[in-house]
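# Overview (structure and organization)
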Amino acid sequence: MGPKKPVLPEKEDATREASSTIGSQLVTLRSDGEKRLTGKSGRIVRIRKATTSGNLYDEQLKDAEYGMYNAQKKEWEFKDTIIQLPRGGTIVNTDVGAIQFGIPPETIKDSMKLGITVPTYFVILGEMFDRQTALNMAEFEFPAYFNFFCLKKKVTLICIAELETRVRAIFTETLLGPDVDNCEPEKDHAGECDKTAHPNFREEGYYLDGMRRTLNVDTLIEFKTFDAKNEVNIEDSEGNEKIKIKLDVFSSSYRVQLIDKDVPTKDGQELAKIDDKFTYKRTADPVLETDQIKEGGAAETFPFDPPKFGMTVLGSSHGFDPSGSTTGFVIWVKGRGIMVDPPPYASIALEKLSIPPRLIEGVILTHCHADHDAGTFQKILKEKSINIYTTPTIFESFLRKYAAISGFGGSFLMNLFTFNPVQIGKPTVFNGAEIHFYY
């Protein structure tokens, strides 16, 4: 249900205002074309548009129809030089554009929800993987997808040379999928399956989208690595160096500086200093899409009673939706659960629902994109033993990807869980129930 039509004063003022609440934000619209967005903290950000419709009612209805946070269709502008993102990470606004330090899972949702453009420059802080939260804090997949497929832009990843090698390995796996040599259709299908029906993933992808024939990591990502002085320079659209990022190894921080065009070698004005260690913030925990959540997002505190047969939805949306949780759910059979593609914050979701982790005996992994496999890896590291159900091809791809993300070897990761290979054409039994898999 959309917001009520705002009531305007009857007399003609030089500047008129109308206010309405959308989600948790108060929006004030003015007839002179200015918008104000007030968040929960009471902080006001002024937003200006180049043109205005002059009709506050039409403007309000447009916001309700297209979504308050559709930043790419609005010319909004934060006046702050530094913006701290709810999930963690910092955006520094510069003459060459916004530069984001730290890339936690679903970070583009923070930008979209705040009404700011998703950055194209991202700096990977320190080590990619946070062992405490068991999450990838350099989740560049969706920033790259959003910029390329929605904004028709490349992202620029700024990192040390060693991390570029790992990022290329990760993105090759997720963007293009396993190469031909790593696909194992004979293992993925039951013996009685007709071999002529085995999928050829690459060729099928080419048929659906011819662009995939030339698609590679460099199509979506440009890398800038720190030089011998631990510096990276960023140019404007005309090729003029404008911004310098210095990695200060002594203070474990990054310094963002303007480049003096007259004396390029001299340190210019410092815009920001960013700590090299990423800090994940739980303030952005997802609101669960379930009737067990009270108004305001607080979970019921009564003990969870697992059904004999049923489902708990942890999310039903996608990676580009700023307000929804990524799709994932738990299937219950005789009081025991098996998770399907747990979202990145699945452990928090279970905690909010008062679901004891011991009730979850396994995870089904359908494919290796960050919105489907991040929660799987988190579950593996947070539990002493968990059963992973997927095909051998997807399993091997998952191992290669998360060995590169975490820095752990594949043999070490194998000791953390039990792999239960599934086959197309042959049911997998879980606690007495049959689960059938399809490619």
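All values reported here derive from a predicted model rather than from experimental measurement.

### Thoughts on the layout of surface pockets
- Empty space within the second largest pocket amounts to approximately 870 Å³.
- Contributing to the lining of the second largest pocket are 27 residues, with T174, L175, L176, G177 and R212 lying nearest its centre.
- Mapped by element, the contributors of at least two residues to the lining of the second largest pocket are α3 (141-150), α4 (161-176), α6 (201-208) and α10 (392-406).
- Of the residues forming the lining of the second largest pocket, the biggest block, six residues, is contributed by α6.
- Of the residues belonging to the lining of the second largest pocket, the class tally is 13 nonpolar, eight polar and six charged.

### Topic: the environment of A144
- Relative to the helices and strands, A144 resides in helix α3.
- Through-space distance from the C-alpha of A144 to that of T219 is 10.0 Å; in sequence the pair is 75 residues apart.
- With sequence-adjacent residues up to four places away left out, A144 is seen in contact with V155, F171, L220 and I221.

### Remarks on the sheet that holds strand β18 (residues 328-333)
- Strand order in this open sheet of six strands is β17-β18-β19-β20-β21-β22, and the pairing throughout is mixed. Of all strands in the sheet, those with a lone pairing partner are β17 (309-315) and β22 (418-421), marking the two edges. With direction set aside, neighbouring strand axes in the sheet form an average angle of 25°.
- Examined bridge by bridge, strand β19 (residues 336-340) and strand β20 (residues 360-364) share four bridges and lie parallel to one another. By the bridge assignment, M339 is partnered in β20 with V363.
- Seen against the sheet, helix α9 (residues 370-382) touches β19, β20 and β21 (387-390) and runs at an angle of roughly 145° to β20.

### Some remarks on the pattern of salt bridges
- For the structure shown, the criterion picks out 18 salt bridges.
- Residue E173 is joined to R400 by a salt bridge in which the shortest nitrogen-to-oxygen separation is 2.8 Å. Taken together, the residues span a long stretch of sequence, with E173 in helix α4 and R400 in helix α10 at a distance of 227 residues.
- Notably, a salt bridge pairs E203 with R213, separated by 3.8 Å at the nearest N-O pair. One end of the pair, E203, is in helix α6; the other, R213, is in the loop between α6 and α7 (217-220), with 10 residues separating them in the sequence.
- In this structure E203 comes out as partly exposed when scored by relative accessible area, which is 41%.
- The structure contains a network of salt bridges with shared partners spanning R87, E106, K109 and D110.

Each value, and the rule that gives it
Residues numbered from 1 in each chain as written. Predicted model: local features only at pLDDT ≥ 70, side-chain atom pairs only at ≥ 80, totals over all residues. Heavy atoms only, no water. 1 Å grid on protein atoms, 1.4 Å probe; cavity = no way out; pocket = protein on both sides within 12 Å on 5 of 7 lines; lining within 4 Å. Points joined across faces, edges and corners; volume = space filled by probe spheres on them. Helix = DSSP H or I, 4+ residues; strand = E, 2+ residues; numbered from the N terminus. Nonpolar A, V, L, I, M, F, W, Y, C, P; charged D, E, K, R; others polar. Contact = heavy atoms within 4.5 Å. Pairing = 2+ DSSP bridges. Axes fitted to C-alpha atoms, helices over the stretch in contact; angles between N-to-C directions. Salt bridge = Lys/Arg side-chain N within 4 Å of Asp/Glu carboxyl O. Buried < 20%, exposed > 50% of the residue type's maximum accessible area, 1.4 Å probe, protein only.

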